Amino acid sequence: MLLITHTRQWWKFYIGLCLGATAAYYEDGQISAPIALFAAQFHFAAVVIGVLGIRRFVADIPFGTVGTMLVFVASAGLLVPLATSAPIELTRWAMGADDVVASTLRSFLCVSLGVVLASPAFTTLLVSGADWIRSGSWQSKLEAALLAISLVVVGQVVFSSPAGTGTLPALIYAPIPILLWAALRFEVAGASWSLLAIAYQSTWNAINDRGPFVSGSTDDYVLQMQLFLLAVSLPVLFMAAGVHERRRAFSLLVGEIEERRRMEERFRLVVESTPNAMLMVDQTGEIVLSNKQTERLFGFRQQELLGRAVEELLPERFRQDHVIYRQAFFADPKTRSIGLGTELFARRADGSEFPVEIGLTPIDTGNGAMVLAAIVDISERKRAEEAQQELVHASRLAMLSEFTATIAHEINQPLGAILSNADAAEMLLESSAPPLDEVRQILADIRDDDLRASNVIRKLRGLLRRGEFEREPIDINSVVADVMVILRAEAQRRGVELRSELAPDLPELLGDKIHLQQVLLNLIVNGMEAMVETTGPKKISIATYQNDGQIQVSVSDTGPGVSPERLPRLFDRFFSTKKEGMGMGLAISRSLVEEHGGRIWAESPPSEGATFRFNLPLDCGQAGSRDAAAIDSQEQNP
Amino acid sequence: MTEIVPIIHIIDDDDSVRKAVSRLLKAAGYAVKSYATSGEFMMAENLESPGCIVLDVRMPGPSGLELQSALARRGNGLPIIFLTGHGDIPMSVRAMKAGAVDFLTKPVQRQELLSAVQNALDRQAKHLSEQTRNQHIRECYATLTEREREIMAHVVEGKLNKQIAATMGIAERTVKAHRAQVMSKMQVDSLADLVRTASGLEPSDG
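Residues numbered from 1 in each chain as written. Chains lettered and ligands numbered in written order. Predicted model: local features only at pLDDT ≥ 70, side-chain atom pairs only at ≥ 80, totals over all residues. Heavy atoms only, no water.

A look at the overall build of chain B
Secondary structure assignment for chain B yields 9 helices and 5 strands. Seen in sequence order, chain B has helices and strands lined up from the N terminus as β-α-β-α-β-α-β-α-β-α-α-α-α-α. Among the 206 residues that make up chain B, the fraction classed as buried is 44%. In chain B, of all internal contacts separated by at least 6 residues, the share reaching a separation of at least 24 is 61%. Of the accessible surface of chain B, which amounts to about 10,800 Å², a share of 52% is contributed by carbon and sulfur atoms. (Helix = DSSP H or I, 4+ residues; strand = E, 2+ residues; numbered from the N terminus. Buried < 20%, exposed > 50% of the residue type's maximum accessible area, 1.4 Å probe, protein only. Contact = heavy atoms within 4.5 Å. Areas by Shrake-Rupley, 256 points an atom, 1.4 Å probe, with all protein chains shown as cover.)

Okay, here's the thing in structure tokens:
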């Protein structure tokens, strides 16, 4: 009982034991009460040693495994009886008793048997008896009853035969099948209770001079009986423990398998319920799992997909590279995306292709490393992006067309200079003594003017081109300078002074030069248009500076400014303060800045004109911002 | 007629255009002065001497057209050839009405420019000689008496001596004598010449 009771409750058992032992020995009349009490201390100490030993080594009470049983038998069956009987017998030996050896053996076996048989029986009863009675199945209870009846009947037959009638010694083995039955079906509890029943029957009958053991001296047959009971008990108990251990291990295994199956089912459900097509692929590239969305996306049936090489879902031209990518992934498996910023296509069953983005997650399964691929069809997004590009381009063309005249002027100036220079050179060469130095100088000037004209044309062509978003290292100051080249003449025509304050040594940022030029063009032209009715000095200042890991660009005018209630709506589509404005310029500027992961806003302090600013993060090449921009542009598309 | 070399004034804010045009005109044998802005030109000297202006329409500060009207206000008679980056018809009409000799579109052909310049110089030379002649006529006219001027006015109107005598209430002979005096003082030989000199007396349109 100490086995299953908390150590703090042990004092109760101690007192009970002291009282009980004293009473027992006192009644026996062989020794005095104080000596009995003294002996009781040893009994208790021995029990505590045994219990502590068991509790120390055995986590799994009661006696669930062969190992536990072994520890139990060693401590309860050897140490406890030894500790109990040794001091008493030694005392008796010291007092001159002559039967110390036999007595020691007797008391040792007696205690050993008692402890080994009773402890498991009562412990299992206390631990799981109530449970079994309450919730055990009726079949189990019926079987237990049958077992009990068989035990009683067989026990009676074997042990209550008249003494010394030459009973076949073989008959004493008759209870063994029943004990095995108990051990197999009811494990430790059944085995120990059955053993207890057999022990009780054999002892009771022997005390009443019946049964196969009763012959010769009492000491002899008691020893015989004790040895018989020990010889039967130990294997049966070990077997019971073994059966329990097996059964437990088996049910654990079954539970584990069940749990695994449930996990797999849950995983399947998750994979099945995601809106994306998902594939699980092993290291050899074989598809081991797919979901309904994959069927729909690729036009293959699930059964067709399983076992197929994942490369078959790619267009021919990507296949070889993909094998290398796959190997590289498994060499360094970590979550990543492919298809971002690059053109990645997948191939349907019918051979048609569609653009995709793929997210890869490594999964370590029992069957080796796998990769879970989430495939997103980005055709829609691509279409939206293209529409957005179309719009951006159209707006750029519309804006440029408004000052074609001034741009033509910018080109005509150097062309005119070239023509006049060429004419002058020709006339100089016709003279009798041509001034060759001057002619050389003229030729150098012609070259410069030619470059100047082609520079304007190049910048213009860049702006006219319909291009996709391109990411390249950009010096923002050169973007400003280019825009000023294009707008110089227009500003002059409008009587606007264009100024720039460019911070030196700005780091390069990743972005699209043309798109940033478009933003600046928009802001500057807006500023010039805002100042049409301004009577004071018309100025536009463009400034660049670095601020907190970002590059900031500002465009300020000296116009009437923007009223506070209009400021928040300024970048909305179709919102315009101009009579003939479409309200697209600033909205497009905003989406272009956001495409770079930046932010654009306007400030208009009273009577100071308006200032438009935008931020560009230096690391705007990151995928996240681009994704955000892409989604944003999708939302914005009408 | 004094032999003063005419000066071509080139006003263009674009350095390379200004340089190229002045080279061309120098190569063609003209004396050239160039200015980056209208203001620079207005501050320059000998604007009264013969020559012409090659002027860019579009410039920062006062534009070509503004310079044109400023010169007119100052009574400066230098003929102006406008150069423009692109043919802007309303602007060219305005310029021509304001007395521009020519309106050329860049890039300008050599022949176009040279003939425009020559044309302007010729016109100015003619204008100058006319001015000199009118000056002479005015000087002669100043020597006439009140009575002689009155008779000259009648003569130029084409009235006969008899009519003049009747109008003025004097003898026909007296008219005849005064008329001879007028012809001699105005240094003309015929009635036709006298009529022509009379036109020189009308205020010139500069």
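A few points about the confidence of the model for chain A
Residue and element names in this part refer to chain A. Overall, the prediction assigns chain A a mean pLDDT of 79, with 83% of residues at 70 or greater. Element-level pLDDT for chain A is lowest in helix α17 (residues 623-636), with a mean of 38, against a maximum mean of 93 in strand β11 (residues 550-557). Confidence drops under pLDDT 50 across residues 621-638; counting only partners more than four residues distant or on other chains, this segment forms 29 contacts. (pLDDT = per-residue confidence, 0-100.)

Examining the sheet that holds strand β10 (residues 539-547) of chain A
Residue and element names in this part refer to chain A. Across the sheet, which stays open at both edges, the 5 strands sit in the order β8-β10-β11-β13-β12 with mixed pairing between neighbours. In the strand order of this sheet, the two ends are held by β8 (497-502) and β12 (599-603), each with one partner. Averaged over all pairs of adjacent strands, the angle between their axes in this sheet comes to 15°, without regard to strand direction. Bridging between β10 and β11 involves 8 bridges; their strand directions are antiparallel. (Pairing = 2+ DSSP bridges. Axes fitted to C-alpha atoms, helices over the stretch in contact; angles between N-to-C directions.)

Brief notes about the sheet that holds strand β2 (residues 31-35) of chain B
In any sheet, the strands associate via hydrogen bonds between backbone groups, in a parallel or an antiparallel arrangement. Residues and elements named next belong to chain B. Taken together, 5 strands build an open sheet; the order of strands is β2-β1-β3-β4-β5 and the sheet is parallel. Every interior strand has two partners, whereas the edge strands, β2 and β5 (102-105), have only one. With direction set aside, neighbouring strand axes in the sheet form an average angle of 20°. Both strand β3 (residues 51-56) and strand β4 (residues 80-84) contribute to a ladder of 4 bridges, which runs parallel.

Brief notes about the environment of V80(A)
All names here are of chain A. Tracing the backbone through its elements, the reader meets V80 in helix α3 (residues 66-94). Owing to a relative accessible area of 5%, V80 belongs among the buried residues under this scheme. C-alpha separation for the pair V80 and V115, spaced 35 residues apart in sequence, amounts to 8.2 Å.

Comments concerning the pattern of salt bridges
All names here are of chain A. Taken as a whole, this structure holds 34 salt bridges over all chains when the rule is applied. Between R383 and E380 there is a salt bridge, and its shortest N-O distance comes to 2.8 Å. With a gap of 3 residues between them, R383 and E380 both fall in helix α11 (residues 379-402), about one helical turn apart. Salt bridges sharing common partners tie together E258, E259, R261 and R262. (Salt bridge = Lys/Arg side-chain N within 4 Å of Asp/Glu carboxyl O.)

So, the side chain of S589(A)
All names here are of chain A. Tracing the backbone through its elements, the reader meets S589 in helix α16 (residues 585-595). For S589, a relative accessible area of 0% puts it in the buried group. Beyond its immediate stretch of four places on either side in the chain, S589 contacts V519, N522 and I600.

Observations concerning the packing of aromatic side chains
Describing an aromatic ring pair means giving the distance of the ring centres and the angle of the ring planes. Residues and elements named next belong to chain B. A complete count under the given rule lists 7 aromatic pairs over all chains for this structure. Aromatic side chains Y35 and F41 sit 5.2 Å apart centroid to centroid with 80° between the ring planes, which places their arrangement in the edge-to-face category. Across the pair, F41 and Y35 agree in class, each one buried. Judged by centre distance (5.7 Å) and plane angle (35°), the rings of F82 and F103 are tilted. (Phe/Tyr/Trp six-rings, centres within 6.5 Å; stacked < 30°, edge-to-face > 60°.)

A look at helix α13 (residues 436-464) of chain A
In this model α13(A) runs 41 Å from its N-terminal to its C-terminal C-alpha over 29 residues, within 8% of the 42 Å that 1.5 Å per residue would give. Within α13(A), the full set of buried residues consists of V439(A), I442(A), D445(A), I446(A), D449(A), A453(A), V456(A), K459(A), L460(A), G462(A) and L463(A). Among the structural elements, α11, α12 (404-430), α14 (476-493) and α15 (513-530) of chain A together with α1 (15-27) of chain B are those in contact with the buried residues of α13(A). (Expected span 1.5 Å × (residues − 1).)

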